[in-house]
Amino acid sequence: MADRPTVGVVEAVATKALEELDAVGDAEALERWRVSYLGRRGELTAILRGIGTLPPEARRQVGAAANAAKARVDEAMAARKREFSREVTPALLAEDSIDVTLPGRPVPTGRLHPTTQTVREICRIFASMGFDAVEGPEVEWDRYNFEMLNIPKHHPARDMFNTFWVDYPDRNGEQSVLLRTHTSPMQARIMEDTRPPVRVVVPGKCYRYEATDATHEWQLTQVEGLAVDDGITFADLKGTLYEFARQIFGEERRVRFRCDYFPFVEPGVDVAIDCFSCGGAGCRTCGRTGWIEIMGAGMVHPNVLKGVGYDPAVYTGFAFGMGVERIAMLKHGIEDIRHFYANDLRFLKQF
Amino acid sequence: MKAPLSWITQYVPVDLPPQEVAHRLTMAGNEVDDITVTGDWDRERVVVGRVLEVKRHPNADRLTIPTVELGDGKTAAVVCGAPNVAAGQKVAFAHEGARLFSARSGRVEALRPANIRGVVSSGMVCSEIELGLGDDHGGILVLDDDAPVGTPLADYLGDAVLDMNVTPNRPDCLSIMGIAREVAALTGREAVEPDSSYLESEVPIEDVVDIEVVDTDLCRRYTASLVTGVSIGPSPKWLQDALIKADQRPINNVVDVTNYVMLEYGQPLHAFDFDKVKDAKIVVRRARAGERLLTLDGEDRALVPPMLTIADSSDAIGLAGVIGGAETQMTEATTAVLLESANFDAVNTRRTGAALRLSTGASYRFERGLRAELAPLALRRATKLILEVAGGQAAKGIVDVYPGEEEPPAITLTRERIRKVLGIDPDVSETAGALKSLGFAVVEPVGGAVAVKVPYWRTDVAIEDDLVEELARIRGYDSIPTTAITTAIPHHSPQPMLDMKDRMRDVLAAAGMCEMISYSLTSPGELDGAAALGNGPEPLMIANPMSGEQSCLRTSLRAGVLSCLASNLRVSRNEGVRTFEIGRVYIPRGKSAEYGLPEEREMLVGVMAGPREPVSWGTRSGDMDFYDAKGVLESALAQIRLEAAFEKDTDPSLHPGRTARVSSGSVALGVVGEVHPSVLERFGIEDAAVALFEIDVESLLESSQEAGGYSPPNRYPQSSRDLALTLPASVPSAAVQALLERHKLIARSIPFDVYSGAELPPGKKSISYRVVFQSEKGTLTAEQINNAQRDLLRRLRQELGAELRGADS
């Protein structure tokens, strides 16, 4: 095909191709025909390829003719192909068989961090009970982290929350900025900003000035919850958290509510589930008690309500807070909390 | 707080097993962490006996044969190797079959009869070691004379120590009395207070002692008694045993009494050697600047106001509520004891302790707040016990400085409040009964309300809801029903940032990336390693970091993500690593907190390195690079309907030739690039290109489009032409595409081949584009396309210096 194509050549080749196409009798012959005209070394392909070498004027004319011819031939071929398509023989297909046991072409699989997955599951359960998720600052004022939660300066309950202080003194030269020790400051922030009814969960990072071991990390994730309105009771607290515990840990779990102390609630509650390792008999997992604590909770303290301008005579509510890593550890049987921040993909890819 | 059950039963009868007592306490808010049972001996086989006589062993000099009376007329003669056995002693006797600790085997074994040098011995007089009480095997354990012969030893000596986790609101439960009162309320019994009566001498204490409280704001009440003629020495066994079980080391009889009564009542006391108190005068005052005190622990401490001191006429002799002074402590020479039982301010005590880094049994209790009523009760009890164990005479009366005497708080609990808070409606008599059982004085159980006075030991009950909790915990939380919230669900308030972060997490995970979460605290060195320091804001420092590695708040996620990448690359060389983090960086708004809290900016950083695909038969070979990161980013942004522009740029942590700024319209989104080789070196990453993108999540919120407009699919056919262009190397492909796609007949253009080989003239590169022609008005004719193509080639030549490849050859 060294010859320079002309419009005449184009037409001639196209006519020949269409005639031969009419004579094709089966799919195999069609394929042979396709290769001879439209394959990489096909006649028509060669013409199309040669157009670029023509002088501009000829290129335009021949190009137009070649494109039009190719369109005609393509269309005719497609029509014949449809005729033969139902005639594919089992023998033909057998020839095309492949080794289906070879692995598929790899597609990388990403994962969400187990903490993220657990936060989502917690938030989803509470969303089904009308709780909206909101977030708040991790670097916080003493005022929100402690004072508005009924923990004034020098209160012994501050010992419960070992605190990282930020070297960011205020006007009086005092350190009043800290890394929040819990998500509870959002209780005060949310209530300051909204009127009841309030029903929220607050996922987020918290920080404790504590040595790290298998069950303690200085950085942790919590989900806080708060429901306040005229007519919310301790019985509602029990019902809500009971429902949560059984949704996340399974219908067969027993849930224990016992009295506990947190300065920003009254009455205060410790929520535990029966140990799934020993079924309540007492083992290492549950510290021989048969019960595993999963969160702290309680009725919002009237002082907290007063502090945000809610009338505690009218409004009552409950709050709760749980450690997300702890929940994830219990769900997946993870023995060491330090895995959560080691970011070893061999760990992360299991979730 | 360690609470031996044997001590608790001095104030309240307990007929439940220790586990049940622990369970009830725990459920009611006084968590028992652990129970240590001592003396869990076989009740049938280990009993109290009395040695009637001791004979010599016929065949061994060092052995004896004591005969032991075991009650009910029974006796037993056994072989004994202890040097201290003697007639008349009360001892612990073990019958054959008793399970005891064997020092020889190191195990607990059943006691078997033995023939010891020709004498058959079936039983044993026990030492501490066999009973598991200690490691003293120098001789047999000699019991007190009052030990009842024949009773199981477990009843006489056995005990269960409750290890209580006392919450900060219950200083009363830092005392055995307090715990006994809880046990009483939870078991339907009544607790009785110990005897505090003693004989006084004729000398009124006021004639001998002068006490002045200067700073009454820090010392609400100060009581004192005086005992003269004491002799200091070791305490009797019962006192030492009680202290040891409660984890307190015995010191001497007077000090032991002060500790014992502190554990008994929860009220700290202090004993001064009265002869060392100058001018027999006690002054309770703030420390003076420059004042020093040698404290009991041997430390010479500098005192500063407003620390409260107990001083004599000239010097501080104790730190109020925290620790005593060495000068006036009990010594063998002490004969006169001035006993202090006072009420010191909680906050000031806490601050003093914190300033001196000193926490004592006394300061721990005072800082939790004690009621002033407690001081004289504990004082009298301790005075009585000092007279008992150290002898002497008590002066007549006590000193009691109590200027601001207060009535006990009175609170009314209404039925309505119980209903509102708990969702239950118990009748008034039940409520009154529950509160009475806890020692509340029920003043007026009439109508729908119960009015009470708070007992002197409770400091945590101040408002009506505190009584609600008392009722709930005594009834048991189990008795409260579980209900679903019935109030209205509040209006939903959208949380676009939370949603955006979740969407990005999902699309990145779907694109094959693993989410990681790193620490928010890092070090300036680490930030510097990622070239994030010096090029960004100064990080906020932590005032009390746990380590240098976690000394500041991160201002960039890059360091954390890169070190995660580095550690994962080390363990997975055959597989690529793709990881991302969405988290906050903390950017101070100014030099001090006056500017407000720092900005917490949500950032997204993704990194990838290593083989694009794991080894596979169908693999596309090659390591990941810039275009892999860009591809993931483009795909993620497309998910939120955001079309981003990429322009060449520089970034301190990134390769200067392989970095692009990412923006959308006028909004800067972030950056994508390959990490600078020198940064990789800092993170110990070798032989790998690392592609990274960093996006400010807030900017995505500003520029992403919600699904809005819609245009129907174009029903006219597309035609494609391939254009192989040769163009100056400096012209970015995006400029070619922009030019092409500006044309109204062009739907899109796709660069499908890039070539920059030697066959090209210097300074040139070649890119082939598939150009897709389409019109919304009709099917394009070949002529229309040809015309458009000619027009485009002209513009490409004029504007960008691009030529059709081979066109001019």
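Conventions adopted
Residues numbered from 1 in each chain as written. Chains lettered and ligands numbered in written order. Predicted model: local features only at pLDDT ≥ 70, side-chain atom pairs only at ≥ 80, totals over all residues. Heavy atoms only, no water. Core = buried A, V, L, I, M, F, W, Y, C linked by side-chain atoms within 4.5 Å. Buried < 20%, exposed > 50% of the residue type's maximum accessible area, 1.4 Å probe, protein only. Helix = DSSP H or I, 4+ residues; strand = E, 2+ residues; numbered from the N terminus. Contact = heavy atoms within 4.5 Å. Pairing = 2+ DSSP bridges. Axes fitted to C-alpha atoms, helices over the stretch in contact; angles between N-to-C directions. Domains from an automatic or database assignment. Buried area = accessible area lost by both parts, 1.4 Å probe. Salt bridge = Lys/Arg side-chain N within 4 Å of Asp/Glu carboxyl O. Polar contact = N/O pair within 3.5 Å; in protein donor to acceptor, adjacent residues only side chain to side chain. Nonpolar A, V, L, I, M, F, W, Y, C, P; charged D, E, K, R; others polar. pLDDT = per-residue confidence, 0-100. Phe/Tyr/Trp six-rings, centres within 6.5 Å; stacked < 30°, edge-to-face > 60°. Parallel < 35°, antiparallel > 145°, perpendicular 65-115°, else oblique. Left-handed = near helix turned anticlockwise from the far one by under 90°.

A short note on the nonpolar core
Membership of the largest hydrophobic core comes to 148 residues, with the highest contact counts inside it found for Phe126 and Phe320 of chain A together with Ile8, Tyr222, Phe344 and Leu422 of chain B. In terms of residue count, the dominant contributor to this core is helix α10 (residues 374-390) of chain B (9 residues). The contact partners of Leu422 of chain B, leaving out residues within four places of it in the chain, are Thr233, Phe234, Ala235 and Pro267 of chain A together with Arg417, Val468, Leu471, Ala472 and Ile480 of chain B. Judged by nonpolar contacts, the second largest core, of 40 residues, contains Ala328 and Leu345 of chain A together with Ile517 and Val605 of chain B.

Some words on the sheet that holds strand β7 (residues 265-274) of chain A
Sheet architecture is open: 7 strands sit in the order β1-β4-β5-β9-β8-β7-β6 (chain A), paired in mixed fashion. Since the sheet does not close on itself, it has two edges, and those belong to β1 (132-133) and β6 (255-259) of chain A, each with one partner. Sheet analysis places strand β5 (residues 219-229) of chain A next to strand β9 (residues 316-323) of chain A, joined by 8 bridges and oriented antiparallel. Residue pairing in the sheet places Leu226 of chain A in a bridge with Ala319 of chain A of β9 of chain A. Against the sheet, helix α11 (residues 415-422) of chain B engages β7, β8 (291-300) and β9 of chain A, with an angle of about 40° to β9 of chain A.

Examining the domain arrangement of chain A
The domains assigned to chain A are domain 1 (7-95) and domain 2 (114-348). Relative to domain 2 of chain A, the C-alpha centre of domain 1 of chain A lies at a distance of 73 Å.

Observations concerning the interface of chain B and chain A
In this complex, chain B contributes 100 residues to the contact, which on the side of chain A involves 99 residues. Both sides together, the interface formed by chain B and chain A hides about 8,500 Å², and carbon and sulfur atoms give 57% of it. There are 11 salt bridges connecting chain B and chain A. Between Arg120 of chain A and Asp506 of chain B there is a salt bridge; the shortest N-O distance is 2.9 Å. Seen at the junction of chain B and chain A, the total is 48 residue pairs in polar contact (both at pLDDT 80 or more). For the side of chain B that touches chain A, the residue count by class is 44 nonpolar, 25 polar and 31 charged.

Quick look at the pattern of salt bridges
The final tally for this structure, using the stated rule, is 88 salt bridges over all chains. Close ionic contact of Arg246 of chain A with Glu251 of chain A constitutes a salt bridge, the shortest N to O distance being 3.0 Å. Classification of Glu251 of chain A by relative accessible area gives exposed; the value is 53%. Of the charged contacts in the structure, one is a salt bridge between Arg473 of chain B and Glu470 of chain B, with a shortest N-O distance of 2.9 Å. Highlighted residues: Arg473 of chain B and Glu470 of chain B, both in helix α13 (residues 464-475), separated by 3 residues, approximately one helical turn. Connected through salt bridges with shared partners, the residues Arg170, Asp172, Glu182, Arg458, Asp460, Glu470 and Arg473 of chain B form a single ionic network.

Section: the side chain of Thr579 of chain B
Residue and element names in this part refer to chain B. As for its position among the elements, Thr579 is in strand β33 (residues 577-587). A distance of 3.0 Å separates a polar atom in the side chain of Thr579 from the backbone oxygen of Cys514. In this structure Thr579 touches Met513, Cys514, Met516, Cys564, Val605, Gly606 and Val607, once residues within four positions along its chain are discounted.

Here's the deal with the confidence of the model for chain B
This prediction gives chain B a mean pLDDT of 92; 98% of its residues lie at or above 70. Reported confidence for the predicted complex is 0.88 by ipTM and 0.85 by pTM.

A word on the packing of aromatic side chains
The geometry of an aromatic ring pair comes down to the distance between the two centres and the angle between the two planes. Residue and element names in this part refer to chain A. Throughout the structure, instances matching the rule amount to 21 aromatic pairs over all chains. Look at Phe146 and Phe161: their rings are 6.1 Å apart centre to centre, the planes differ by 55°, and that puts the pair in the tilted class. Linking Phe146 in the loop between α7 (142-145) and β3 (177-179) with Phe161 in the loop between α7 and β3, this pair joins segments that are 15 residues apart in sequence. We classify Phe146 as buried; its relative accessible area is 1%.

Focus: the packing of helix α20 (residues 733-742) of chain B against helix α21 (residues 782-800) of chain B
Two quantities define a packed helix pair, namely the angle between the helix axes and the distance between the axes. Residues and elements named next belong to chain B. At a closest axis distance of 11 Å, the pairing of α20 and α21 adopts a crossing angle of 140°. By the angle between their axes, α20 is oblique relative to α21. Between α20 and α21 lies a crossing of right-handed hand. Along the contact surface, α20 presents Ala735, Val736, Leu739, Leu740 and Arg742, while α21 presents Leu792, Arg795, Leu796, Glu799 and Leu800. Classifying every residue of the contact of α20 with α21 by side-chain character gives 7 nonpolar, no polar and 3 charged.

Remarks on the pairing of strand β15 (residues 210-213) of chain B
All names here are of chain B. What you see with β15 is a clean split: Ile211 and Val213 sit on the buried side and Asp210 and Glu212 on the side with no burial. As paired elements, β15 and strand β18 (residues 281-286) share 4 bridges and run parallel to each other. Bridge assignment links Asp210 to a residue of β18, and that residue is Lys281.

A look at the packing of helix α2 (residues 27-38) of chain A against helix α4 (residues 56-84) of chain A
Residues and elements named next belong to chain A. Relative to each other, α2 and α4 sit at 165°, their axes nearing to 10 Å. It follows from the interaxial angle that α2 and α4 lie roughly antiparallel. Remark: the crossing between α2 and α4 carries left-handed chirality. From α2, Ala27, Leu30, Trp33, Arg34 and Leu38 reach across to α4, where they touch Lys70, Val73, Asp74, Met77, Arg80, Lys81 and Phe84. Residue classes in the contact of α2 with α4 are distributed as 7 nonpolar, no polar and 5 charged.

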